[in-house]
Amino acid sequence: MNNRLSADLLVIGAGIHGCSAALHAAKRGMSVIVIEKDTAGRHASGVNAGGVRRLGRLFPEIPISDRSMKIWNNIGDLLDDDCGFQKSPQIKVAENQAELEKHRERVRKLNEMGFHHETILSRSELQAHLPAVSDHCVGGLASLEDGFALPYQTTFAFQRKAIELGVRFYENTRAQKIRRDGTDWHVITDNGTFSGRNILNCAGAWAGEFTRQLGEPAPVEPIAPMMIVTSRMPRFCNAVVGATGRPLSFKQMQNGTVVIGGGLRGIADPATNASHMLFEKLRQTAQTAIAIFPIMQKAAIVRSWSGIEGRMPDDMPVIGPSSIHENAFHAFGFSAHGFQMGPGVGELMAELIATGKTNSPIEPFRISRFTNSC
Amino acid sequence: MKSFDVAIIGAGPAGMASAIEATRNGLSVIVLDEQPAPGGQIYRAIETVSDQRAAILGTDYLAGRDLAAAFRNCGATYVSGATVWNIDNGLKINYSRAGLGSDQISATSLVIATGAIERPTPMPGWTLPGVTTAGALQILLKAHGAVNDDVVLVGSGPLLYLVATQMLTARYAPRAIVETTPAGRLIKAARHLPRALTAFSYLRKGLAMKRKLHKSGIPFYANARAVAIEGTTTAQAVIFQSGGKSHRIETTAVALHQGVIPNQQITRLLRCEHDWNANQHCFVPRLDAFFQTTVENIYVAGDGAGIGGAVSAALRGRLVALRIAEKQGKDTIARQNDVLKKLKADQAIRPFLETLYAPSPENLLPADDVMVCRCEEITAGQIRHAVDLGAPGPNQVKSYLRCGMGPCQGRMCGPTVTQIIADHRKKEVGEIDYYRIRPPLKPLALAELAAIESEPTRHTPL
Amino acid sequence: MFKRVQTDISNPVSIEFEGQKIDVEQGETVAAALMLAGKRKFQESAVSHAGRGPFCLMGVCFECLVEINGTPNRQACMILAEDGMKIRIQKAAIEETDR
Ligand SMILES: Cc1cc2nc3c(=O)[nH]c(=O)nc-3n(C[C@H](O)[C@H](O)[C@H](O)COP(=O)(O)OP(=O)(O)OC[C@H]3O[C@@H](n4cnc5c(N)ncnc54)[C@H](O)[C@@H]3O)c2cc1C
Ligand SMILES: Cc1cc2nc3c(=O)[nH]c(=O)nc-3n(C[C@H](O)[C@H](O)[C@H](O)COP(=O)(O)OP(=O)(O)OC[C@H]3O[C@@H](n4cnc5c(N)ncnc54)[C@H](O)[C@@H]3O)c2cc1C
Ligand code: FES
């Protein structure tokens, strides 16, 4: 197809998933248009905590997360941009024996399944990794070969590489209706109508609208995880750290600032693109950070933010073909841990769209798990 | 949590006048200001200033004494040393009391009277110790009686000449005044003169000030360009072109000024709409005739509503209070009309001043090697490069380069970043917009957050 | 050099800067007091570690950050000098631990 507004693949949403799928599809020789209501990386993909984490993932996600990790490890080769990616251990601190026991059990299960990336840290091993950790912590669960990256830089790099490979981005263009006409899909926007053989729904927290239009509604809940960042501090932590019994994600960036999150949610208002902080809740995050790293008693918060993300009831994304229509696909609802999966899911979506199949086990992520039951 | 009819942020002329008028109309009022005493920028230290210093600062300054006294007696709850760090859309306000932890209050109406800040003045060497703003020198003089005999003043704007005059009166005249106002501005401004003449007292004061400075023998350098500050670890000299020649003045203290702009942190935080004001070269919150923002019950009084000076600041403060009282059922229309008339008269001088003292082009669009973001040390060239890569606006440039992410939270680079992007993309500045401002408004100790009182919010937690 | 218009300090308060004792006037901010004592460098910039000193004196630029009584990131221009305060230059925060 050579019409200005048509392509082999229409992608709705220029988050990391839309950009990554577009890039990989272009690498397979497809012509691609990406439609984005704001600008690339404006939402979850540009503002997340940057955790490139396999640690603690739900079991069905692990193979895909692994596939992604392989791309992350050579991200510069793919994108000509290092994305600020740094290899670093990810550690979940156990604050008591019961928590540590839970981790032991998880490692046993993983080993049985053939995965060996997660290991138990004894108290002294924990202290060797995290000299600043509070004395009361008894050990931890670690994935030593994970890392973190800079979210906006990464999503922007995916977009730029995709453009280089011929992908056309229409930003500030809102998809309103999708419609099928013969073998072609049409996306009607406030900026013209686009046509294509395939359509991919990567609309994040807004994806529910398109599943509804396709007749397979999925319960995407818009959520707004909250983050805070401190001014620069002396280097005291070289791992990405979480707690076990209470919400925390904690990491010191290369420049010394400390980014703290952990899943406590503010208020998401997807209709206006706004999200609001709830400091009464962040108070708990502050307490947890100080409890685990007493040095944080001296930290000063310079900024806070949140972003709008789509969450599914079972905290697992929807990945795969439409259960009703041919040539329609979904990749959304990453439930606050989809940044790490961006490179891998994009690759497998392109594979699926171009060839009709993928080796990755995506069955657990089928959309019909919601449409059949509700 | 205590609640009030009106919460006023800022105890400058706008905040004080607003509190006086609101309490007079029976409203319960709280005033929060981070300074140790009322006065704001113009009337800083007005309650404690010595007679000797008062004589240096002049009659416009002393006019603040009566206002501050009336404010003290008006019955409003006044909390000094209170830094407001968050306001949510239910008008619940968090503020930090220097070292004493955080408190919160709520209000039905909010008056943002946080005034102006000096426009950032990027140029080579502006981060060297020894370089300050001109306003900083004035603050040292007003609040601390501190003077310096080795100052070179650089820039443009009424405040620059006021500071020079005050230094002269204190017998510590600046070593030189380097004016960056481009040639021809006076002719451009002249078309606003007829209107300005209706505010004759301002014009007369301004002329008297300049006459006094010229007579004093302070060297003036006009139409200065290519201004830079030299020094390795501290400021050592100012260099510039003026009158077809290169100049170099050795000095340890350089004070920069390019006018003042509204402090927009709180209106941005509350997602009020802003418009680009091409005359004042700054963003101004979009306001109705009674200074209400695009968000119901949130008002801006004083210089935060667009630069208007101290007299207008107080008038705007009163008008806003009268309007809030009217909404609560008081008959204040006659008084509102009276204030509106005075406001109109007081503003007559502005177009003339704005044209005459518009910031210099090299300040608005600095050269590639000039550092724009002081905290993260990002240059104008890096910002242009990010735009070339495809970053469309300030928020993307910020995410990509970290400019605006340091402790000043973008106050010192935001206006310049927006202007550079607009110019580089050949777009209107208003279209490019500004950083999204997120709480805390000022850095907040993590330990203080860990200890905030936790009351159930009005929102259902998700 | 900065000087006081009044030559005498009438209500002295004693502070320490980098171990050096300085007498200042009660009611002065830490920034004003240090500038009057001839100090110009207050902190090292976080990125290049260049010296920085107060710029705006009204709480907006954050160039006057110092360490006061062991707590970093204090805004010297917004804090009044108090008897016995121990003030240090705020070092660029990144000091790699040898690990
Ligand atoms: C604060 C925060 C911290 C996080 N931390 C981590 C972490 O550390 N590690 C990790 O792995 N994950 C993390 N996540 C989750 C991760 O960011 C997301 O899972 C991931 O970015 C989702 O990418 P996406 O492309 O699906 O969605 P998005 O980035 O939200 O992209 C969807 C895009 O679709 C566009 N769109 C929507 N509707 C339309 C329409 N009608 N027309 C056109 N365009 C439309 C949107 O504007 C948006 O740009 C975090 C998320 C948040 C919010
Ligand atoms: C440095 C400087 C010096 C000036 N000197 C003069 C002068 O000598 N003569 C003149 O005519 N004009 C001067 N101006 C112009 C001045 O802005 C107005 O004349 C006048 O002060 C405006 O009054 P206002 O009430 O709007 O704001 P301001 O007088 O600026 O008062 C604002 C108040 O809000 C407080 N505030 C701000 N943010 C917060 C927060 N987050 N929490 C709590 N409190 C907060 C500040 O501490 C301040 O006291 C000066 C401006 C500046 C920036
Ligand atoms: S000198 Fe600018 S914040 Fe203190």
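All values reported here derive from a predicted model rather than from experimental measurement.

A. How the structure looks around the overall build of chain C. The helix and strand inventory of chain C stands at 1 helix and 8 strands. Element order for chain C, N to C, with α for helix and β for strand: β-β-β-α-β-β-β-β-β. For chain C, the C-alpha atoms occupy an extent of roughly 50 × 25 × 20 Å along the three principal directions. Counting over 99 residues, chain C shows a buried share of 52%. Contacts in chain C between residues at least 24 apart in sequence constitute 39% of all its contacts with a sequence separation of at least 6. For chain C, the exposed surface amounts to about 4400 Å²; the carbon and sulfur share of it is 46%. Mean positive and mean negative side-chain charge positions of chain C (12 and 14 charges, respectively) differ by 4 Å.

B. View of the overall build of chain B. Helices and strands together make up the secondary structure of chain B, namely 19 helices and 23 strands. Projected onto the principal axes, the alpha-carbon positions of chain B cover approximately 65 × 50 × 40 Å. Put simply, chain B has 462 residues, and 62% of those count as buried. Once local pairs closer than 6 in sequence are excluded, the contacts in chain B between residues at least 24 apart make up 66%. Within the structure as shown, chain B displays about 17500 Å² of accessible surface, and the carbon and sulfur contribution to it stands at 53%. When the 50 positive and 39 negative side-chain charges of chain B are each reduced to one mean point, those points stand 5 Å apart.

C. Representation of the nonpolar core in the model. Residues Ile87(B), Leu110(B), Leu153(B), Val397(B) and Ile15(C) are the most contacted members of the largest nonpolar core, which totals 183 residues. Among the elements that make up this core, the one with the highest residue count is helix H11 (residues 309–327) of chain B (10 residues). In this view, Leu153(B) contacts Ala134(B), Leu137(B), Leu160(B), Ala164(B), Met167(B), Pro174(B), Ala176(B), Ile177(B), Val178(B) and Ala255(B); residues no more than four positions away in its chain are not counted. Within the second largest apolar cluster, 47 residues are counted, among which are Ile16(A), Ala21(A), Ala25(A) and Phe339(A).

D. A look at the interface of chain A and chain B. Every contact between the two is made by 39 residues of chain A and, on the other side, 39 residues of chain B. Together, the buried faces of chain A and chain B total about 3400 Å²; carbon and sulfur atoms form 60% of this surface. Of all residues in chain A, Phe279(A), Glu280(A) and Arg303(A) give up the largest surface area on contact with chain B, accounting jointly for 20% of the area buried on that side. At the junction of chain A and chain B, the tally comes to 2 salt bridges. We note a salt bridge from Glu280(A) to Lys92(B), for which the minimum N-O separation is 2.6 Å. Secondary structure elements with two or more residues in the side of chain A that touches chain B: helix H7 (151–164), strand S18 (267–269), strand S19 (274–276), helix H9 (279–292) and strand S20 (300–306) of chain A. Considering each element in turn, the side of chain A that touches chain B owes the most residues, 9 residues, to H9(A). In terms of strand pairing, S20(A) meets strand S23 (residues 444–445) of chain B through 2 bridges, oriented antiparallel. Counted as the bridge partner of Ile301(A) is Leu444(B) from S23(B).

E. Molecular detail of the sheet that holds strand S3 (residues 20–25) of chain C. All names here are of chain C. In space, the 5 strands of this open sheet follow the order S3-S2-S8-S6-S7, with mixed pairing throughout. Two strands lie at the open edges of the sheet, namely S3 and strand S7 (71–75), each paired on one side alone. The mean inter-strand angle of the sheet, taken between neighbouring strand axes irrespective of direction, is 40°. Two strands pair when backbone bridges link them, and strand S2 (residues 12–17) and S3 are joined in this way by 6 bridges, in the antiparallel orientation.

F. How the structure looks around the domain arrangement of chain B. Residue and element names in this part refer to chain B. With domains assigned, chain B is organised as domain 1 (2–117 + 261–330), domain 2 (120–258) and domain 3 (365–432). Of note, the centres of domain 2 and domain 3, computed from C-alpha atoms alone, are 27 Å apart. The interface of domain 2 with domain 3 comprises 6 residues on the first partner and 9 residues on the second. It is Pro-120, Pro-122 and Trp-126 in domain 2 that bury the most area against domain 3; as a group they hold 70% of the surface buried on that side. On the surface where domain 2 and domain 3 come into contact, there are 0 salt bridges.

G. Geometry of the side chain of Glu95(A). Residues and elements named next belong to chain A. With respect to the element layout, Glu-95 can be found in the loop between strand S5 (90–94) and helix H5 (97–113). Residue classification places Glu-95 among the buried residues on the basis of a relative accessible area of 12%. Separated by 2.7 Å, the side chains of Glu-95 and His-136 make a polar contact. Reaching out from Glu-95, the side chain makes a polar contact with the side chain of Arg-246 at a distance of 2.7 Å.

H. A look at the site of ligand 2. As a matter of local geometry, ligand 2 sits amid 32 residues, with Ala14(B), Asp33(B), Gln41(B), Gln138(B) and Asp303(B) nearest to it. The local environment of ligand 2 is shared, drawing residues from chains B and C. For ligand 2, a nitrogen atom lies 3.0 Å from a polar atom in the backbone of Val84(B). Side-chain polar atom of Gln138(B) to an oxygen atom of ligand 2: 2.6 Å apart, as the coordinates give it. Burial of ligand 2 by the protein amounts to 92% of the accessible area it has alone, namely 970 Å². Counting only elements with at least two residues in the shell around ligand 2, the list comes to helix H1 (13–24), strand S4 (82–87), strand S7 (116–118), helix H5 (134–144), helix H6 (158–169) and H11 of chain B.

I. Region of interest: the site of ligand 1. All names here are of chain A. The full set close to ligand 1 counts 36 residues, and Glu-36, Ser-45, Gly-51, Ala-175 and Glu-309 are the nearest of them. A distance of 2.9 Å is found between a nitrogen atom of ligand 1 and a backbone nitrogen or oxygen belonging to Ala-175. Between ligand 1 and the protein, one listed contact pairs a nitrogen atom with a backbone N or O atom of Ala-336 at 3.3 Å. Coverage of ligand 1 by the protein amounts to 96% of the 1000 Å² it exposes when considered alone. When residues of the shell around ligand 1 are traced back to their parent elements, those giving at least two are helix H1 (16–27) and helix H2 (44–47). In terms of residue class, the shell around ligand 1 is built from 16 nonpolar, 14 polar and 6 charged.

J. Summary view of the environment of Phe334(A). Residue and element names in this part refer to chain A. Inspection of the secondary structure puts Phe-334 in the loop between strand S23 (328–332) and helix H10 (342–355). Along the chain, Phe-334 and Asp-81 lie 253 residues apart, while their C-alpha atoms are 24 Å from each other. Once you skip the residues sitting within four places of it in the chain, Phe-334 turns out to touch His-17, Glu-309, Gly-310, Pro-317, Ile-319, Met-341 and Val-345.

K. Representation of the packing of aromatic side chains. Tallied over the entire structure, the rule returns 16 aromatic pairs over all chains. On the numbers, 4.9 Å between centres and 80° between planes, the contact of Phe279(A) with Trp85(B) is edge-to-face. Pair noted here: Phe279(A) is in helix H9 and Trp85(B) is in strand S4, and the two residues belong to different chains. Owing to a relative accessible area of 3%, Phe279(A) belongs among the buried residues under this scheme. A residue is classified by how much of its surface remains accessible, and Trp85(B), at 1% relative accessible area, is buried. Pairing Tyr434(B) with Tyr435(B) gives two aromatic rings, centres 5.5 Å apart and planes at 55°, and the pair type is tilted. Judged by relative accessible area, Tyr435(B) falls into the buried class, the value being 1%. Arg374(B) extends its terminal NZ or CZ atom over the ring of Trp126(B), reaching a point 4.6 Å from the ring centre. Seen from the ring of Phe55(C), Arg374(B) lies directly overhead, with NZ or CZ sitting 4.2 Å from the centre.

L. Broad picture of the sheet that holds strand S7 (residues 139–143) of chain A. Taken together, 9 strands build an open sheet; the order of strands is S6(A)-S7(A)-S5(A)-S15(A)-S16(A)-S17(A)-S14(A)-S20(A)-S23(B) and the sheet is mixed. Two strands in the sheet have a free side with no partner beyond their single neighbour: strand S6 (118–121) of chain A together with S23 of chain B. Summarising the sheet, strand S16 (residues 249–252) of chain A and strand S17 (residues 258–261) of chain A pair through 4 bridges and their orientation is antiparallel. The residue of S17(A) that forms the bridge with Phe250(A) is Ile260(A). Lying on the sheet, H5(A) is in contact with S5, S6 and S7 of chain A; it crosses S6(A) at an angle near 150°.

M. Spotlight on the confidence of the model for chain C. The share of residues in chain C with pLDDT of 70 or more is 93%, and the mean pLDDT across the chain is 90. This complex was scored by the predictor with a pTM of 0.94 and an ipTM of 0.94.

How each quantity is defined
- In this numbering scheme, every chain counts its residues from 1 along its sequence in written order.
- Here the convention is simple: chains get letters from A, ligands get numbers from 1, in the order in which they are written.
- For this predicted model, a pLDDT threshold of at least 70 governs which residues receive local features, and a threshold of 80 or more governs which side-chain atom pairs are given and counted, while totals over whole chains, interfaces and linings are taken from all residues.
- Note: side-chain values were computed over all heavy atoms of the structure, leaving out hydrogens and water.
- Under the DSSP-based scheme used, a helix requires at least four consecutive residues in state H or I and a strand at least two consecutive residues in state E, with every element numbered from the N terminus.
- Accessible area is worked out with a 1.4 Å probe on protein chains only. A residue is then buried under 20% of its type maximum, exposed over 50%, and partly exposed in between.
- Throughout, a contact is declared for two residues whenever any of their heavy atoms are within 4.5 Å.
- Exposure was quantified through the Shrake-Rupley algorithm and a 1.4 Å probe, taking into account, for residues, occlusion by the shown protein chains and nothing else.
- In this count, Lys and Arg are taken as positive residues and Asp and Glu as negative ones, while His and the chain termini are left out.
- One atom stands in for each charge, and that atom is NZ of Lys, CZ of Arg, CG of Asp or CD of Glu.
- Nonpolar cores are built from buried Ala, Val, Leu, Ile, Met, Phe, Trp, Tyr and Cys residues. Side-chain atoms within 4.5 Å join them into one set.
- Accessible area, probed at 1.4 Å, shrinks when two parts are joined; the buried area is that loss added up over both.
- A side-chain nitrogen of Lys or Arg and a carboxyl oxygen of Asp or Glu constitute a salt bridge if their distance falls within 4 Å.
- Any two strands with at least two DSSP bridges between them are considered paired.
- Note on geometry: axes are lines fitted to C-alpha atoms, helical ones only across the stretch in contact, with angles between N-to-C directions running from 0 to 180 degrees.
- Source of the domain bounds: an automatic or database domain assignment.
- Polar contacts here mean pairs of N or O atoms no more than 3.5 Å apart (in protein, one a potential hydrogen donor and the other a potential acceptor; neighbouring residues in sequence count only if both atoms are side-chain atoms).
- Think of it this way: one heavy atom of a residue within 4 Å of a molecule or strand is enough to make that residue near it.
- Here the nonpolar group is Ala, Val, Leu, Ile, Met, Phe, Trp, Tyr, Cys and Pro; Asp, Glu, Lys and Arg are the charged ones; every other residue, Gly included, is treated as polar.
- Side-chain rings of Phe, Tyr and Trp (the six-membered ring for Trp) are treated as a pair once their centres are within 6.5 Å; stacked means planes under 30 degrees apart, edge-to-face means over 60, and tilted covers the remaining angles.
- Both a distance and an angle decide whether a charge sits over a ring: NZ of Lys or CZ of Arg must be within 6 Å of the ring centre and within 35 degrees of the ring normal.
- Per-residue confidence from the predictor is reported as pLDDT, which spans 0 to 100.

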